[in-house]
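Close look at the chain arrangement
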Amino acid sequence: MDNERLEVVWRDEHLNQKMEPPYHTVWDQWSQRRQIKVVFQPIVSLRTGAVLAFEGLSRPQSDGGEPIEVSALIASAEQHGHLLVFDEVAFGAVLQAATRVGFGPDHLLFINILPNSLEHPLPFLRHLQQHPVIDPRQIVLEISERETVAGGDRKLQEYLEPFREMGVRIALDDLGSGYSGLNRLVDLQPDFAKIDLSLVRDVDRNSIKFALLESTARFASRTAATSLIAEGIETFAELYTLKEIGVEYGQGYLLGRPHPAFHTALEAHHFASRQRVRPTAQDQLDSLLSSARRMVRGMAQGEGRYTHLLALSKRLTGADVAALYNADSEGLHYFESTLPLNPQEVTNYNRLINSESPSLLEALHKRKPVIFQRAAIHALGPYPQHFPLESQIAVPVCDNLGCWGLLHLGYYEPDQIRPDVIQLAEGVASLFALALGYAEREESLEDQSLLGEPLFEAISALADTANLDHLLAKAVAAALAVTGGHEGWIGILQAQQLHCVTADGQRFDLPAADLWDPSTQDGQGPVGLIVRNQQALIIPNIASEPMLNPWLNEMLDSGIKSTAGFPLVSQGELLGILKVYHSQIGGFTPGRIRRLQALSSLATALIERSLSTLASEAHARRQEIMARGLAAMNTLDTRDDLVQLLVATVSDFGPYPFVSIVEQHQGHFVPLAIQTPSPDYHTAFTKHLSTPLYQKALEQALKTGIRQPLVLSDDSSPDALKNPACCSAIPLPSHNLVLVIGSATPGTLSPHLAELDSYVVSLASALDRNLLQQQVSEAQQETNRLLTTIKTLPQATTIQELWQQIAGVLLTHLRANGGWIAENATAPHPLACFGLPIAPHWIPPTLLSASPVAMHGPDIPAQLEQLGIHSLVGFRLHLASEPTPLFMVITSSDTKGFSASQIRRFEILVAFAQANYEILRLRARLLEPPDTHQAP
């Protein structure tokens, strides 16, 4: 950890010590004076160093000016129900501070805001509208990806709309730490997305983070049209790696610490690093093959091995200098390099290296690479005096018997070490261990012939990552060749099984759960022991080893006399196992063990690279599929089209034996859409769908809204694909739909389910939008039909005729089944009744004070239920011509009640009735004969 990172840690701990006063009283004490100190941190272009924006950071303070932890204050404000108050105060404080320190028109201003505060946008909109200096188009609202609002992203979109109409831009914070990931980029379509610092830290050394950010950058630029901002950049190596990946902007202590005034820490020339031309995959393969040939020939002749391997190290990694140190009881000694030292330099160097380069010794003692991205650290002592190197990596050359020394790679440019360089350097160090083992000549030259062409073929195959099983088979062939082994296999540990491949390409699987469980037979055997302990296990004589008793007779019949097993471990994680069997007792001599150890190390590095490449490619492929699906959702109008899109997209994730959407219809699930690679799978699915086991599991998924696994059979053999043994049911409860995905084993689906869940949630939102649009369209059509019907009604001549017209419209066009009109609750009979066998006389008590009033289910009186009435809505008719209002009650036999759109159409009809009632009353008064008894 460099000084800068030490300072970061100290700063965080220092702030944590300031978390006073007690948690529950923080808001009460702060809110009395509401003091906030605002600091600004720059956001800059990683390409040019130009400042894009400044983020305004709120630092609450106590009355005495002591800092208050923001998270503690927010938690306390939430307890008191004052989150909106805090957000409004902080928002205004950032705007005021930016104006005070001279915020200009050339930059953007990022302001954090809690998503739930957007539900009440007026205070924030008022701040922006009334601000005399800062244009709303310069504001970027920064919303945390860790949080959401009730109603999800669709509701959040609505809350953001008034801000976007003003020109305010949106940034999604903490990308990669929250609940929905890339899916949220598509739903919210923010202008910026900030990559969480947990993904940025050590991206120059971590191959997983590198691949994840690379695919995220590609996804954001191609699909979401979002600019990425990397948070927490602390080293130049991180900066240049992010720049290579394609991240546009950055923020962090390296670029500028938070400060009350606008400033930046770097100048343009810091960003203009020379991009090294790295070796292509084909160049690396060619170098590996040609060096392997020379290395093999050199070993056979007892010479040249170091020169060939150093040249190979330099070409594979693109290093400027490659060197080798030997270690003994006195420390490290210069051995050989691609830029050799003269005798005097070697003497001086050996005198200084151990006293002034403790980091090199640290790499040797810990058996782990030591990496330095900049020579300014001076960690490697005098080495740069001979070779003016900037970035450097030292990798121990070790086998199971000990450490021979160090392989050292250096670059003239700073910040050049990347995850692929680390992996390749470790792989080449394993080759050094293998070559140096032969130099010890612990075995006869005749035995060395075993190393020849088979090892060359193995290295060739290990460098070619096109087919993982082919790579595994060649690795086993090499292990047999260099040991004279009888049989062997190599296994890759997966979620549910240890996938094993023999030298001739045969495949078999061992249940992973049994290997981890010491109570099972496999768990008690040597393979289970290697899996759990992650240590090599050599059995010189299988006949004398009790743990092999369950398999002993079979092994002896196969001619096996001794065994050796090696764990394939990378960064503390078990990738798999190499297992070799020999036909001689004691067949694994120290030299052969050392060769297997070296070959295991090389295979581990290259297999890890192959797995990482395959996983990255598969992840990128799935993301591309998901992105196309998410984009297509916005172009589809019908429910059927969306359902077909979901099935097609999920099928592309596979292949799976079947993918189907089923719908619950009259208590039974039936398929709406199904996609299978063959008719056999279609037949198997439809057969299982009709079984009670399937129906019950689907019912449970729909009821709970939680994904349900379903195992139909214990058969996990390849033939089980013809009769799918497992499936996963992902429910869409609001639509009575379930997505069913078939697989041969539970482990087939596990890696993809989180991504599929996210995609299904998005499609459910699209279905919700589609349903809402349909409902709105249908409601509008119903309203238009109602208005047309009303316009065509003949003018009623009496009140009774008017009620008949209203009743006809209700029963014919508005799907009511009856109703009545009454003067008041005490009148003996209603004025009119329609659609019911008996004329009830009952008015909802609440209708006397409010209108309309809707009731259904248990609220309906028993006397009305006896008439088949299960829901109703009542209206109070205010009539100028009548001293008291009239009451209209409309009924239905549907227990679900009337929808809001139906009630709105009833209101239109009630308004029509009121108007025509008044016309009829007015006409009646005009036609009345004059009162002849009226006084003159």
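This text goes with the structure placed above it.
I will try to describe carefully the structure that is included in this document.

Parameters and conventions
- Residues numbered from 1 in each chain as written.
- Predicted model: local features only at pLDDT ≥ 70, side-chain atom pairs only at ≥ 80, totals over all residues.
- Heavy atoms only, no water.
- Pairing = 2+ DSSP bridges.
- Helix = DSSP H or I, 4+ residues; strand = E, 2+ residues; numbered from the N terminus.
- Axes fitted to C-alpha atoms, helices over the stretch in contact; angles between N-to-C directions.
- Disulfide = S-S within 2.5 Å.
- Buried < 20%, exposed > 50% of the residue type's maximum accessible area, 1.4 Å probe, protein only.
- Parallel < 35°, antiparallel > 145°, perpendicular 65-115°, else oblique.
- Contact = heavy atoms within 4.5 Å.
- Nonpolar A, V, L, I, M, F, W, Y, C, P; charged D, E, K, R; others polar.
- Salt bridge = Lys/Arg side-chain N within 4 Å of Asp/Glu carboxyl O.

1. Considering the sheet that holds strand 11 (residues 370-372)
Reading across from one edge, 10-9-13-12-11 is the order of the 5 strands in this open sheet, with antiparallel pairing throughout. Pairing within the sheet leaves two strands with one partner each, and these edge strands are strand 10 (331-337) and strand 11. Strand-to-strand twist across the sheet, computed as the mean angle between neighbouring axes with direction ignored, equals 20°. Relative to strand 12 (residues 391-399), strand 11 is paired through 3 bridges, and the arrangement is antiparallel.

2. Details of the state of the cysteines
One pass over the structure, following the stated rule, counts 1 disulfide. Two residues, Cys-398 and Cys-403, share a disulfide whose sulfurs are 1.9 Å apart. Given an S-S torsion of about 100°, the disulfide between Cys-398 and Cys-403 has right-handed geometry. For Cys-398, a relative accessible area of 16% gives the class buried. In this structure Cys-403 comes out as partly exposed when scored by relative accessible area, which is 26%.

3. Some thoughts on the packing of helix 4 (residues 83-100) against helix 5 (residues 122-130)
Contact pair helix 4 / helix 5: the axes reach a minimum separation of 10 Å and the direction vectors enclose 10°. As far as their axial angle goes, helix 5 and helix 4 are roughly parallel. Note on element contacts: helix 5 touches helix 4 through Pro-123, Phe-124, His-127 and Leu-128, opposite Leu-84, Asp-87, Glu-88, Phe-91, Gly-92 and Leu-95. Tallied by class, residues from the contact of helix 4 with helix 5 come to 6 nonpolar, 2 polar and 2 charged.

4. What to know about the pattern of salt bridges
Summed over all chains, the structure comprises 12 salt bridges. Between Glu-142 and Lys-194 there is a salt bridge; the shortest N-O distance is 2.9 Å. In this pair, Glu-142 sits in strand 4 (residues 139-144) while Lys-194 sits in strand 6 (residues 192-195), placing the two residues 52 residues apart along the sequence. The pair formed by Glu-142 and Lys-194 is uniform in burial state, with each residue classed as buried. Glu-158 is paired through a salt bridge with Lys-155; the nearest N and O atoms lie 3.3 Å apart. On the criterion of helical spacing, the pair formed by Glu-158 and Lys-155 is a turn pair, its members being 3 residues apart in helix 6 (residues 152-165). Exposure remark for Glu-158: the relative accessible area of 47% places this residue in the partly exposed category. On the basis of relative accessible area, Lys-155 is assigned to the partly exposed category, the value being 33%. It is possible to trace a salt-bridge network through shared partners that takes in Glu-55, Glu-142, Lys-194 and Glu-231.

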